[in-house]
Each structure stands twice: as structure tokens, then as C-alpha cells.
Amino acid sequence: MRRIHVGNALSAFGLGFTVPYLYVYVAQVRGLGAMTAGLVLAVFAVAALVVLPFAGRAIVRRGPLPVLLTALLTASAGAMSLGLAGNATAVLLSAAALGAGQAVMQPALATMIVDSSTTENRSRAFATQFFLQNLGLGVGGLIGGHLVDTTRVSSFTLLFAIEAAMFLVLVAVLATVRMPRAPRVGDAPTGSGPGSWRSLLGNRAMVQLCVLGFVLFFACYGQFESGLSAYGVEAAGISTSALGTALAANTLMIVVAQFAVLKFVERRRRSRVIAAVGLIWAVAWVAAGFAGLGHGSQEMATAAFVSTYALFGLGEAMLSPTVAPLVADLAPSGLAGQYNSAFALVKQLALAVGPAVGGPMGASLHAPYIVTFLLFSLGISVLALRLGRRLTDVQDQPWLVRSRVVVRGPQAPEAVAAEA
């Protein structure tokens, strides 16, 4: 588990070097224009949607580690070729390889964490993963910002080379991992292919969680760098430096609050924690509404807008030890990879639709934009409470497992037999 977390932090560190500067690199530094830059971002989403249905099947049949190593090598090649690409075709092909590799990494890493953890410590494991991801992205972006120079193509090539190298370092770290034996579904038709997808769709709790997940990612992550930033600039008059401060506040909130929040959510029902996140995000959208529609001073608008991103970060810190472990606990034995891939597919769909819907609304329909996503946040709370009625006690309250073990520990054998 420690090696998985170290490798995960290194890969996030590498991603941080390039993610904030991808648009500038394609549109301005390579001189390919805004249209090509927009297509590159779309290719990332399309590549993910294409490969994720097959990734689940491969993880189930082959195990997460071989799939992850293949994805890392693909992503490394894509990153390096993107740093060297000089025309639109090469840029788009490189982006497709990088996007496909990154997409497969998510469910593969999640399945490795599931196989290396237990129900009692799984929430902490996923919280640690999320903490290290954000820390790596933040540090990588900070260092990359000091290395990049828009007048020199070579400075961007260096950033992509660092990203590619970090993926290869992760390959080296994880190649030494000896995964615990976990149930695998070999050639049985129910474990992969159409049968397993039918089984997943027949799991009503998982279907409800996927619907909830779509709304979560659509209403939050899908708005960060599109609708919400456009709203901040157009409606609230937020400067680019203040927008950067808001993004930094989001990351800082996650890094500072993650483990303090973990102690709170570990002893709470997962469904109610997710419902609380919906309410917190509703307050965040109210703050955003004040920033753009409140007609206060520019300083007050900026403070409210930064608070919006910080509140989103608090909600994300509460979700990280809650949603991913719940996906794992809903999966039948041996099908964690399939369920993780399905949930990652839902996430990618939300991240593709979110900017397409939120971007134009945030830029021009300011009041309807705020009201729409305020209602989506309240919808998260409603969907979470409905999901809670479909979960078993252990799925909704995993700490019950640990409590029962503690209670049974000192009992006499005849008391245990009587209870049985």
C-alpha cells in the first residue's frame, strides 16, 4: 500500500507540470490555435470513454497491476510525444494516447487499493490517495510555473519530459509490488463481457450510486475550469490572479482538512456524509451567487469567490474516503475492477458534459447558472439519502465491522456459540 501511494503521488506530481499549461502550449506556443487546443481537451475525454469499458474487463481477467503498467507506458509515450509534436495531427494522436493511459490508471489504482486494504482501513487508504494526488498536482504545478516560458518551446518539452519520466518512475515502483491474492474471474462468461455488465446494471444500489456520481462530478469537478471560472471572470469581475488564488484555496483546503475530516466521516453513515456534501456545495453556490450578483465591493466578491472553491475542497475531502470505498464494497468478489471502471466511465461522462453545459451558462446566463447548480447540489443530498435506503448496514457504516470484532474478542467460546 505504501508503494502504491508513493507511485500515485509521483504520477500526480508529473501531471501537475503540464495540466495547467496544456491549452497555452497547443494554442499559443505551438501556434495551432484555439480550435485545436479545444479538440485536444475533447480528445482526452473521448479516449477515456473509449477505453474504460474494456479496462474493467481487462482488470477482472488479468489483474490490476499488468493493466496499470500498460497504461503507464502508454501515458508516458503520449506525454513525451506531445512535448515533441509540431503539428495538429501529432498533437491529437499524442493526446489520445496520454488520455487513454490516464483514464485506465484510475480504476486500476483503485482496484489495487481495494485488494491491498480491508473494509476497516479502506476509507483511510482512499483518503490518503486523494490527499497525495492533490499535493502532487499542487507542487508539480507550482514548480512547472517557474520552469515554463511561453517564448521557448523547449521549456514545454521539458515539462512533458518530466511528466513522462514520472510515469516511468511509477512503473519502476509498482513493478516491485507483490499484490495479495484476490479473487479473479477467469474465463467464466459472468465475470467479463456482457454478462458482468448486465449483473452490474442489475445491482440497484450501484446504479443509484452511478447516477449520484454523475451529478457529483457534473455539479463540481465539471465546473471548476469551465463554467465557474467563466462566471467568476464575467459576472464577478475576478482577475486571473484571483482565479489562481481560488484554485490554490481549493487544493490547500483538501491538503489541510483531509485527515481531520476523515476522523469525522469514519464514524458516520456514508449516505449522510454525501448528503452533507450536497448541502456544503449548496452554500458554495450561494457564495458564488453573492460574488457575481451581490453588487458588493470587488474585495468582497473576490473573497466570496475564493470561499466557493474552498468549500468545494471541503466537500471533496469528505467524499474521498466515502464514495470510492463504497464502490468497492458494492462490487461482488472478483469484480472490483469492473465496478471501478464503470464508475470512472460515469465520471468521465460528467466531466465531458459539465463544461459543455456550464461554460456557456457561466459566461452569459449568470443567475440561471447559479440557480441551476444550487438545485443540483441539493439534488445530491436527496439522491444520497435515497441511496442510503438501499445499502446494507455494513455498506453504509463500515465501522460496524470493526465494532463487532472488538465486541466478540473477549467473549467466551460458549457465548460466541450461543450468539451463532
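Residues numbered from 1 in each chain as written. Predicted model: local features only at pLDDT ≥ 70, side-chain atom pairs only at ≥ 80, totals over all residues. Heavy atoms only, no water.

**Concerning helix H14 (residues 323-330)**
For an α-helix, the turn length of 3.6 residues means that residues three or four places apart are oriented alike.
Link 1 in the chain: Most of H14 sits inside the fold, with seven of its eight residues counted as buried.
Link 2 in the chain: Looking at H14, one finds that the buried residues are Val323, Pro325, Leu326, Val327, Ala328, Asp329 and Leu330. (Buried < 20%, exposed > 50% of the residue type's maximum accessible area, 1.4 Å probe, protein only. Helix = DSSP H or I, 4+ residues; strand = E, 2+ residues; numbered from the N terminus.)

**A closer look at the side chain of Thr128**
Link 1 in the chain: Relative to the assigned elements, Thr128 resides in helix H6 (residues 122-147).
Link 2 in the chain: Setting aside residues no more than four positions away along its own chain, Thr128 makes contact with His5 and Phe259. (Contact = heavy atoms within 4.5 Å.)

**Brief notes about the packing of helix H10 (residues 227-234) against helix H16 (residues 366-388)**
Link 1 in the chain: Put simply, H10 and H16 touch, their axes get as near as 11 Å, and they point 140 degrees apart. As judged from the angle between their axes, H10 and H16 are oblique. Handedness of the H10/H16 crossing: left-handed. Counted together, Gly227, Leu228, Tyr231 and Glu234 of H10 and His366, Tyr369 and Ile370 of H16 form the full contact between these two elements.
Link 2 in the chain: Taken together, the residues of the contact of H10 with H16 sort by class into four nonpolar, two polar and one charged. (Axes fitted to C-alpha atoms, helices over the stretch in contact; angles between N-to-C directions. Parallel < 35°, antiparallel > 145°, perpendicular 65-115°, else oblique. Left-handed = near helix turned anticlockwise from the far one by under 90°. Nonpolar A, V, L, I, M, F, W, Y, C, P; charged D, E, K, R; others polar.)

**Observations concerning the confidence of the model for the chain**
Link 1 in the chain: Looking at the chain as a whole, the pLDDT averages 82, with 90% of positions reaching at least 70.
Link 2 in the chain: No element of the chain has a lower mean pLDDT than helix H19 (residues 413-419), at 41, and none a higher one than H16, at 93.
Link 3 in the chain: For residues 405-420, every residue scores under 50 in pLDDT, and the model assigns this stretch three contacts once sequence neighbours within four places are set aside. (pLDDT = per-residue confidence, 0-100.)

**Regarding the environment of Glu163**
Link 1 in the chain: Of note, Glu163 is situated in helix H7 (residues 153-174).
Link 2 in the chain: Owing to a relative accessible area of 1%, Glu163 belongs among the buried residues under this scheme.
Link 3 in the chain: Along the sequence, Glu163 and Leu15 sit 148 residues apart, while their C-alpha atoms lie 5.9 Å from each other.
Link 4 in the chain: In this structure Glu163 touches Gly14, Leu15, Thr18, Ala79, Leu98 and Gln102, once residues within four positions along its chain are discounted.

**Regarding the nonpolar core**
Link 1 in the chain: Within the largest apolar cluster, 115 residues are counted, with the highest numbers of intra-cluster contacts made by Leu174, Met206, Leu209, Leu228, Trp281 and Phe305.
Link 2 in the chain: A total of eleven residues in this core trace back to one element, the largest contributor, which is helix H5 (residues 88-115).
Link 3 in the chain: Ignoring anything within four residues of it in the chain, the contact list for Leu174 reads Arg3, Ile4, Leu65, Leu68, Leu69, Leu72 and Met112.
Link 4 in the chain: In terms of nonpolar packing, the next biggest core, distinct from the first, is built from five residues, Ala48, Leu52, Ala103 and Ala344 among them. (Core = buried A, V, L, I, M, F, W, Y, C linked by side-chain atoms within 4.5 Å.)

**Details of the environment of Gly78**
Link 1 in the chain: Residue position: Gly78 is located in helix H4 (residues 64-84).
Link 2 in the chain: On the basis of relative accessibility, which here comes to 0%, the residue Gly78 falls in the buried class.
Link 3 in the chain: Linking Gly78 and Leu93, residues 15 residues apart in sequence, is a C-alpha distance of 8.0 Å.
Link 4 in the chain: Every residue in contact with Gly78, bar those within four places of it in the chain, is listed here: Ser94, Ala97 and Leu98.

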